[in-house]
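Topology and contacts: notes
Residue-level listing of the chains:
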Amino acid sequence: DVKVTQSSRYLVKRTGEKVFLECVQDMDHENMFWYRQDPGLGLRLIYFSYDVKMKEKGDIPEGYSVSREKKERFSLILESASTNQTSMYLCATGVNYGYTFGSGTRLTVV
Amino acid sequence: DQQVKQNSPSLSVQEGRISILNCDYTNSMFDYFLWYKKYPAEGPTFLISISSIKDKNEDGRFTVFLNKSAKHLSLHIVPSQPGDSAVYFCAASVEGGGNTPLVFGKGTRLSVIA
């Protein structure tokens, strides 16, 4: 089974801090994705990557950046955290037949 | 513009009865559809899928129906159990779509009442 590990389950950060969310997958998938989930808004795609050092903007990339230095690791960076970035962040990997998601990181920005 | 729509934000069903969750899509290029289930504080997990060459796919208590002409799919859960209470996301893709990400609906929160 593909396993997707997100480094933190819960995080509390202050406004203006730089925040790193890490995601590691243990299979050889090329595609990796970052979503955020908010009540009433569903799963919204922030960024995705289909190869090392490649990245593509999703639907809501503003205020975020990503890093993919190794195939198994995909990092989401909040350059200067704001309260409207308080959310559940979900990493995923897979192909169009289905993704495997990590357990999520609940980020609170105060 | 939403390409995948789940028009019911929530649904409440009694234990033992049928739950029917609906999903509509607008992009006629979509040819593969999936349902995910999500519990609070966990990531979504894959539930069931269907290719556009079929109109029905069944897995235990879960059945997905696809009506291509209406661009509509539905997930039936029979019988519903309290453990089915979760948020259900519909997703769509183009099988030959290369790296094009899955498109998700906004989700329907199912509550199964004992």
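Summarised in this report is the structure supplied together with it. If you're wondering where the values come from, they're calculated on a predicted model, not measured in any experiment. (Residues numbered from 1 in each chain as written. Chains lettered and ligands numbered in written order. Predicted model: local features only at pLDDT ≥ 70, side-chain atom pairs only at ≥ 80, totals over all residues. Heavy atoms only, no water.)

1. Quick word on the overall build of chain A
Counting its regular elements, chain A contains zero helices and 11 strands. Helices and strands appear in chain A in the N-to-C order β-β-β-β-β-β-β-β-β-β-β. Taking 110 residues into account, the globule formula puts the C-alpha radius of gyration at 13 Å, and chain A, at 13 Å, falls close to it. The C-alpha extent of chain A, read off along each of the three principal axes, is 35 × 25 × 25 Å. The buried share among the 110 residues of chain A stands at 47%. Across chain A, contacts joining residues at least 24 apart in sequence account for 53% of those joining residues at least 6 apart. Accessible surface for chain A amounts to roughly 5,400 Å². Of this, 49% is attributable to carbon and sulfur atoms. (Helix = DSSP H or I, 4+ residues; strand = E, 2+ residues; numbered from the N terminus. Rg over C-alpha atoms; globule rule 2.2 N^0.38 Å. Buried < 20%, exposed > 50% of the residue type's maximum accessible area, 1.4 Å probe, protein only. Contact = heavy atoms within 4.5 Å. Areas by Shrake-Rupley, 256 points an atom, 1.4 Å probe, with all protein chains shown as cover.)

2. A few points about the side chain of Ser49 of chain B
Residues and elements named next belong to chain B. On the secondary structure map, Ser49 appears in strand β5 (residues 45–51). When its relative accessible area of 12% is taken as the criterion, Ser49 is described as buried. Among the polar contacts listed, one links the side chain of Ser49 to the side chain of Tyr32, at a separation of 2.9 Å. Once you skip the residues sitting within four places of it in the chain, Ser49 turns out to touch Tyr32, Phe33, Leu34, Asn57 and Val64. (Polar contact = N/O pair within 3.5 Å; in protein donor to acceptor, adjacent residues only side chain to side chain.)

3. As for the packing of aromatic side chains
The tally for this structure, following the rule as stated, stands at 13 aromatic pairs over all chains. Relative to Phe101 of chain A, the ring of Tyr35 of chain A has its centre 5.9 Å away and its plane inclined at 50°; by these criteria the two rings are tilted. With Tyr35 of chain A in strand β4 (residues 32–38) and Phe101 of chain A in strand β10 (residues 98–101), this pair connects stretches of sequence that are 66 residues apart. For the pair Tyr35 of chain A and Phe101 of chain A, one class covers both residues: buried. Connected via pairs of aromatic rings, a cluster forms that spans Phe33, Tyr35, Phe48, Tyr99 and Phe101 of chain A together with Tyr36, Phe46 and Phe104 of chain B. A cation over a ring is seen here: Arg68 of chain A above Phe74 of chain A, with NZ or CZ 6.0 Å from the ring centre. (Phe/Tyr/Trp six-rings, centres within 6.5 Å; stacked < 30°, edge-to-face > 60°. Lys NZ or Arg CZ within 6 Å of the ring centre and 35° of its normal.)

4. Comments concerning the sheet that holds strand β3 (residues 19–25) of chain A
Residue and element names in this part refer to chain A. On the basis of which strands lie adjacent, the open sheet formed by four strands has the order β1-β3-β8-β7 and antiparallel pairing. With partners counted over all chains shown, the strands left at the sheet margins are β1 (4–6) and β7 (64–70), one partner each. Taking the axes of each pair of neighbouring strands and ignoring which way they run, one obtains an average angle of 20° across the sheet. Pairing analysis gives five bridges linking β7 to strand β8 (residues 73–78), with the strands arranged antiparallel. Within β8, the position partnered with Lys70 by the bridge is Arg73. (Pairing = 2+ DSSP bridges. Axes fitted to C-alpha atoms, helices over the stretch in contact; angles between N-to-C directions.)

5. A few points about unusual backbone geometry
A cis amide bond links Val78 of chain B to the next residue, Pro79 of chain B, at an omega of -10°. Unlike most non-glycine residues, Lys53 of chain A shows phi in positive territory, near 65°. Structurally, the position occupied by Lys53 of chain A is in the loop between β5 (42–49) and β6 (56–57). Using a relative accessible area of 58% as the deciding quantity, one classes Lys53 of chain A as exposed. One non-glycine residue, Lys71 of chain B, lies in positive phi territory at about 50°.

6. Re the layout of surface pockets
Here the largest pocket defines a volume of roughly 380 Å³. Broken down by secondary-structure element, the contributors of at least two residues to the lining of the largest pocket are β4 of chain A together with β9 (86–93) and β11 (108–113) of chain B. Its residues placed into classes, the lining of the largest pocket shows nine nonpolar, six polar and five charged. Its boundaries defined by the atoms lining it, the second largest pocket holds a volume of some 330 Å³. Lining the second largest pocket are 17 residues, and of these Leu43, Arg44 and Asp59 of chain A together with Val103 and Phe104 of chain B sit closest to its centre. Secondary-structure elements contributing two or more residues to the lining of the second largest pocket are β5 of chain A together with β10 (103–104) of chain B. Counting residues per element, the lining of the second largest pocket draws most heavily on β5 of chain A, at four residues. (1 Å grid on protein atoms, 1.4 Å probe; cavity = no way out; pocket = protein on both sides within 12 Å on 5 of 7 lines; lining within 4 Å. Points joined across faces, edges and corners; volume = space filled by probe spheres on them. Nonpolar A, V, L, I, M, F, W, Y, C, P; charged D, E, K, R; others polar.)

7. What about a nonpolar patch on the surface?
A contiguous nonpolar surface patch, about 230 Å² in accessible area, is contributed by Ile18, Ile20 and Val78 of chain B. The residue Ile18 of chain B is located in the loop between β2 (10–14) and β3 (19–25) in this model. (Patch = residues over 30% accessible without salt bridge, like charges linked within 9 Å, V, L, I, M, F, W, Y side chains within 5 Å. Salt bridge = Lys/Arg side-chain N within 4 Å of Asp/Glu carboxyl O.)

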